[in-house]
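Here is what each chain is made of, one letter per residue.
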There are 2 protein chains.
Amino acid sequence: MTAVFERIAIIGVGLIGASIARAAAEFGAAANISLFDANGEVRARARALGMGDVFDDAVSAVADADVVVLAVPVGAMAKAAESIASALKPGAIVTDTGSVKGAVVDSVRAHVPQHAFLIPGHPIAGTEHSGPDAGFATLFQGRWHILTPLPDARPEYAAAVDKLDAFWRAIGANVERMEAGRHDVVLAITSHLPHLIAFNIVAMAEDLENVTESEVVKYSASGFRDFTRIAASDPTMWRDVFLNNREAVLEVLGRFSEDLAALQRAIRWGEGDALYALFDRARRMRREVIDAGQDTAEPNWGRD
Amino acid sequence: MTAVFERIAIIGVGLIGASIARAAAEFGAAANISLFDANGEVRARARALGMGDVFDDAVSAVADADVVVLAVPVGAMAKAAESIASALKPGAIVTDTGSVKGAVVDSVRAHVPQHAFLIPGHPIAGTEHSGPDAGFATLFQGRWHILTPLPDARPEYAAAVDKLDAFWRAIGANVERMEAGRHDVVLAITSHLPHLIAFNIVAMAEDLENVTESEVVKYSASGFRDFTRIAASDPTMWRDVFLNNREAVLEVLGRFSEDLAALQRAIRWGEGDALYALFDRARRMRREVIDAGQDTAEPNWGRD
């Protein structure tokens with residue numbers, strides 16, 4: 001295919017940054033790939049893996065780039081944006097891959113010069129693994145990428161959004177556009193709360209007095225193991241998510257606890273019909289997720 | 001191999017009963033397989049699938065059986081035991097596959113005659129699918145099977161436990177023995193609580209006013225989809241688990257809610273270090289589960 005961008009610069013070579021580099025190369029979505037990571041060991045690894053042109057400073061990496069992707073934890077976005085601001089060429093697109101959008105817009109916007117276009121984004125894809133070695137070209141295939149464009153009336157801005165949209169489609173994603181605040185509310189339920197309760201149950205299981213950790217591990221195939229996967233995700237990334245999407249997370253968390261208290265009461269009072277009705281209802285959602293192509297129908301995900 | 005049992009009778013042909021039938025045949029662990037299910041359609045399906053000798057009444061199914069496996073929901077165990085009691089031959093083993101052991105022992109024991117041996121059990125294996133078609137021969141490979149023998153001093157009882165142990169090993173399981181009450185406390189954390197919170201978050205996501213169900217489904221690959229799998233498990237089975245392991249479930253649920261409240265407070269007050277420390281700790285458990293052979297190390301379970 002014809003490359004959407006002549007040169008893409010990726011700041012942060014973790015699972016997501018590395019996957020974008022791999023995908024851009026594999027699907028020919030960018031003719032040239034520049035990379036920078038603040039961690040020297042990660043840069044060395046990216047070089048060893050042949051991911052593109054790896055630079056030792058962010059400014060050199062973004063010079064000449066048509067699009068700069070900030071693929072760092074949400075809490076590191078502002079600093080990353082600041083470090084590249086002076087080197088952005090006229091018409092350059094600045095985007096990101098943060099799991100929170102409102103806070104990123106607020107902290108990054110001030111650093112992006114008028115001659116560049118800030119278009120925040122978030123790929124709804126990932127694995128529990130981290131670092132450059134975890135990246136792979138097909139991570140975004142069939143997954144959604146959410147763009148949260150700013151209210152910017154310039155026709156050049158609209159054209160930049162279309163171009164970024166085309167890039168994500170070129171590497172296999174479906175693209176949706178929405179307002180940043182809306183993104184944060186939707187992701188609080190689909191992503192942030194699930195991770196929080198997975199972290200909570202896994203950490204809690206380590207602390208029990210009457211059941212040993214090795215017993216939990218041994219019998220984990222009865223349900224618990226599912227939670228260990230997302231609880232293995234990068235702790236820095238997730239700390240930043242919760243610090244930066246506090247309001248929406250606290251709201252769904254309150255709702256979750258309220259509903260859980262009702263379930264607890266139904267168990268205490270032996271309300272079998274209420275339990276059955278709720279469990280039966282939950283089943284339907286599984287079918288919808290599979291029908292939407294967002295999960296496999298294989299029992300146990302085919303892992304056994 | 002030489003069959004461990006000359007004839008096994010399986011009462012209840014759902015995922016577990018059907019998998020035992022398949023496994024017993026595949027690995028030659030029983031020379032003959034008798035089956036009964038209270039549901040006529042299930043019996044017809046078991047016949048069509050060629051699972052063994054399917055009987056139209058429980059009494060005929062267990063006559064001549066060396067071991068009878070009650071593979072019905074926990075709440076149906078007492079009735080199933082009562083229905084077969086009169087037909088058990090001297091020395092027959094009665095076992096079950098219920099996810100709760102204390103309540104099953106209490107409700108089943110009175111129905112098992114002195115000339116038979118009640119040895120409760122629980123295979124730590126399953127999928128989110130239900131019914132006879134969901135059964136497969138390798139379900140128990142590398143998984144644990146827990147036996148909770150009664151305090152019975154007869155040497156014949158000990159020999160029966162060893163024989164049942166050999167059967168489960170023959171179909172691929174590792175076997176562990178523990179006291180019924182201990183089983184119920186351990187499974188409350190490894191299985192019952194994870195299912196409860198999965199049911200809770202999935203049902204809750206249907207009820208939100210500010211996020212639509214289709215948005216949840218669409219962006220579910222960001223974490224939520226993991227929970228839909230176990231929330232798709234059989235609602236009757238799970239209702240019975242919670243009604244029959246109430247005390248242990250309420251205890252771990254109380255602990256879960258307490259820890260979640262602490263996490264909620266850490267988010268509200270922006271305590272990044274506390275969040276990081278907890279998330280980092282949760283990560284270690286994943287490695288232990290994989291090292292114990294209870295899950296695959298493939299990113300996203302290899303499903304994408």
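**Regarding the domain arrangement of chain A**
Residues and elements named next belong to chain A.
- Here chain A is described as being made up of domain 1 (5-178) and domain 2 (182-295).
- Summarising the inter-unit geometry, the C-alpha centres of domain 1 and domain 2 are found 30 Å apart.
- Each partner contributes to the interface: domain 1 provides 15 residues, whereas domain 2 provides 18 residues.
- Residue composition of the side of domain 1 that touches domain 2, by class: six nonpolar, seven polar and two charged.

**Here we look at the interface of chain A and chain B**
- The interface of chain A with chain B comprises 91 residues on the first partner and 91 residues on the second.
- Those elements giving two or more residues to the side of chain A that touches chain B turn out to be helix H7 (180-206), helix H8 (213-218), helix H9 (224-230), helix H10 (235-244), helix H11 (246-268) and helix H12 (272-291) of chain A.
- Top contributing element to the side of chain A that touches chain B by residue count: H7 of chain A, with 19 residues.
- The residue makeup of the side of chain A that touches chain B, split by class, is 50 nonpolar, 20 polar and 21 charged.

**Points about the relation of the copies chain A and chain B**
- Expressed as a screw operation, the relation of chain A to chain B combines 0.0 Å of axial shift with a rotation of 180°, fitting to an RMSD of 0.0 Å. Such a combination of turn and shift is consistent with a two-fold rotation axis.
- A share of 100% of the interface residues of chain A reappears at the interface of chain B, consistent with the copies meeting face to face through the same patch.

**A word on the packing of H7 of chain A against helix H12 (residues 272-291) of chain B**
- Closest axis-to-axis distance for the H7 of chain A/H12 of chain B pair is 8 Å, and the angle between their directions is 75°. One way to sum up the angle between H7 of chain A and H12 of chain B is to call them roughly perpendicular. Only Leu 278, Phe 279, Arg 281, Ala 282 and Met 285 of chain B of H12 of chain B make contact with H7 of chain A, whose side of the interface consists of Phe 199, Val 202, Ala 203 and Glu 206 of chain A.
- For the contact of H7 of chain A with H12 of chain B, a count of residues per class yields seven nonpolar, no polar and two charged.

**Notes on helix H11 (residues 246-268) of chain B**
- For H11 of chain B, which comprises 23 residues, the first-to-last C-alpha distance of 32 Å matches the rise-based estimate of 33 Å (1.5 Å per residue) to within 8%.
- Residues of H11 of chain B that are buried include every one of Ala 248, Val 249, Val 252, Leu 253, Phe 256, Leu 260, Leu 263 and Ile 267 of chain B, and no others.
- As for H11 of chain B, its buried residues are in contact with H7, H10 and H11 of chain A together with helix H7 (180-206) and helix H10 (235-244) of chain B.
- Just past H11 of chain B, the residue Gly 270 of chain B takes up positive phi, approximately 65°.

**Focus on the sheet that holds strand E3 (residues 53-54) of chain B**
All names here are of chain B.
- Taken in spatial order, the six strands make up an open sheet running E3-E2-E1-E4-E5-E6, and their pairing is parallel. Unpaired on one side and paired on the other, E3 and strand E6 (117-118) mark the two borders of the sheet.
- Across four bridges, strand E4 (residues 67-70) lies against strand E5 (residues 93-96) in parallel orientation. What sits directly across from Val 68, in E5, is Val 94.
- Lying on the sheet, helix H1 (residues 15-26) is in contact with strand E1 (5-11), strand E2 (30-36) and E4; it crosses E2 at an angle near 160°.
- Sitting on the sheet, helix H4 (residues 77-84) is in contact with E1, E4 and E5, with an inclination near 155° to E4.

Criteria and thresholds
- Sequence positions are assigned chain by chain, starting from 1 and proceeding in written order.
- The naming scheme follows written order: chains are lettered A onward, ligands numbered 1 onward.
- Local features are withheld for residues below a pLDDT of 70 in this predicted model, meaning they are given only at 70 or higher, and side-chain atom pairs are given and counted only at 80 or more; totals for whole chains, interfaces and linings count all residues.
- Where each domain begins and ends follows an automated or database-derived domain assignment.
- Once C-beta atoms have been placed from the backbone, residue pairs whose C-beta atoms lie within 7 Å are recorded as contacts.
- Any residue outside Ala, Val, Leu, Ile, Met, Phe, Trp, Tyr, Cys, Pro, Asp, Glu, Lys and Arg is labelled polar, Gly included; the first ten of those are nonpolar and the last four are charged.
- Each helix is a run of H or I in the DSSP string that is no shorter than four residues. Each strand is a run of E no shorter than two, and both are numbered from the N terminus.
- The copies are overlaid by a least-squares fit using only the C-alpha atoms of residues whose pLDDT is at least 70 in both copies.
- Helix axes are fitted only over the stretch in contact, all axes being lines through C-alpha atoms; the angle between N-to-C directions runs from 0 to 180 degrees.
- To sort the angles, those under 35 degrees are grouped as roughly parallel, those over 145 as roughly antiparallel, those from 65 to 115 as roughly perpendicular, and the leftovers as oblique.
- By definition here, a helix of n residues has an expected span of 1.5 Å times n minus one.
- Here the C-beta atoms are placed from the backbone, and a residue counts as buried if at least 20 other C-beta atoms lie within 10 Å of its own, exposed if 12 or fewer do, and partly exposed otherwise.
- Paired strands are those between which DSSP finds at least two bridges.

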